Amino acid sequence: FRLHPGDAGLHVYANWLRSAEEYARFQEAARKRGVMFRDAAAYHRTPGPPAACFGFSHLGISSIEEGVARMAQAWQDMQKT
């Protein structure tokens, strides 16, 4: 992902830097690890590259760190298949 941090807000928008197929596989692998994020396609006016919207308004620092660690594990899971 390439993150697009903002100065304020309760989410982070990020572009996926690989194929749409890998994005779908990663989304599923993350879900299996207990991490869900919004597909940002709904925010696009025209079709574009895969992107995600990571909401964190209800999470503390330790939960965010845990989510990032689980996403790293999901990526490792994908490399095994």
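Nothing here was measured: the structure is a model prediction, and the numbers come from that model.

Draft legend 1. Looking closely at a nonpolar patch on the surface. Together, L59, I61, I64 and V68 line one region of the surface with nonpolar side chains, adding up to about 330 Å² of accessible area. On the secondary structure map, I64 appears in helix 2 (residues 61–80). Taking the relative accessible area as the measure of exposure, I64 reaches 31% and is therefore partly exposed.

Draft legend 2. Spatial organisation of the environment of R38. Position of R38 among the secondary structure elements: in strand 3 (residues 38–39). Judged by relative accessible area, R38 falls into the exposed class, the value being 51%. Separated by 24 residues in the primary sequence, R38 and A14 have C-alpha atoms spaced 11 Å apart. Each residue touching R38, except ones within four places of it in the same chain, is listed here: Y23, Y43, A51, A52 and C53.

Draft legend 3. Broad picture of the packing of aromatic side chains. Per the counting criterion, the structure on display carries eleven aromatic pairs. Residues F1 and F54 carry aromatic rings whose centres are separated by 5.2 Å and whose planes lie at 80 degrees to one another, so their mutual orientation is edge-to-face. Note that F1 is positioned in the segment before strand 1 (2–4) and F54 in strand 4 (residues 51–55), a separation of 53 residues in sequence. Since its relative accessible area comes to 33%, F1 is described here as partly exposed. On the basis of relative accessibility, which here comes to 15%, the residue F54 falls in the buried class. Within the aromatic cluster, the residues linked to one another by ring pairs are F1, W16, Y23, F26, F37, F54 and W75.

Draft legend 4. Representation of the pairing of strand 2 (residues 11–15) within the structure. In this structure, strand 1 lies alongside strand 2, joined through three bridges in antiparallel fashion. Residue pairing across strands places L3 opposite A14, the latter belonging to strand 2. Summarising the sheet, strand 2 and strand 4 pair through five bridges and their orientation is antiparallel. Paired with V12 across the two strands is F54, which belongs to strand 4.

Draft legend 5. Fine view of the packing of helix 1 (residues 20–32) against helix 2. At a closest axis distance of 9 Å, the pairing of helix 1 and helix 2 adopts a crossing angle of 120 degrees. In terms of their interaxial angle, helix 1 and helix 2 are classed as oblique. With respect to the hand of their crossing, helix 1 and helix 2 are arranged in right-handed fashion. Facing helix 1, whose interface residues are E22, R25, F26, A29 and A30, helix 2 presents M71, A74, W75 and M78. For the contact of helix 1 with helix 2, the class distribution of residues is seven nonpolar, no polar and two charged.

The rules behind these values
- Residues numbered from 1 in each chain as written.
- Predicted model: local features only at pLDDT ≥ 70, side-chain atom pairs only at ≥ 80, totals over all residues.
- Heavy atoms only, no water.
- Patch = residues over 30% accessible without salt bridge, like charges linked within 9 Å, V, L, I, M, F, W, Y side chains within 5 Å.
- Areas by Shrake-Rupley, 256 points an atom, 1.4 Å probe, with all protein chains shown as cover.
- Salt bridge = Lys/Arg side-chain N within 4 Å of Asp/Glu carboxyl O.
- Helix = DSSP H or I, 4+ residues; strand = E, 2+ residues; numbered from the N terminus.
- Buried < 20%, exposed > 50% of the residue type's maximum accessible area, 1.4 Å probe, protein only.
- Contact = heavy atoms within 4.5 Å.
- Phe/Tyr/Trp six-rings, centres within 6.5 Å; stacked < 30°, edge-to-face > 60°.
- Pairing = 2+ DSSP bridges.
- Axes fitted to C-alpha atoms, helices over the stretch in contact; angles between N-to-C directions.
- Parallel < 35°, antiparallel > 145°, perpendicular 65-115°, else oblique.
- Left-handed = near helix turned anticlockwise from the far one by under 90°.
- Nonpolar A, V, L, I, M, F, W, Y, C, P; charged D, E, K, R; others polar.

None of this, on its own, says anything about what the molecule does.
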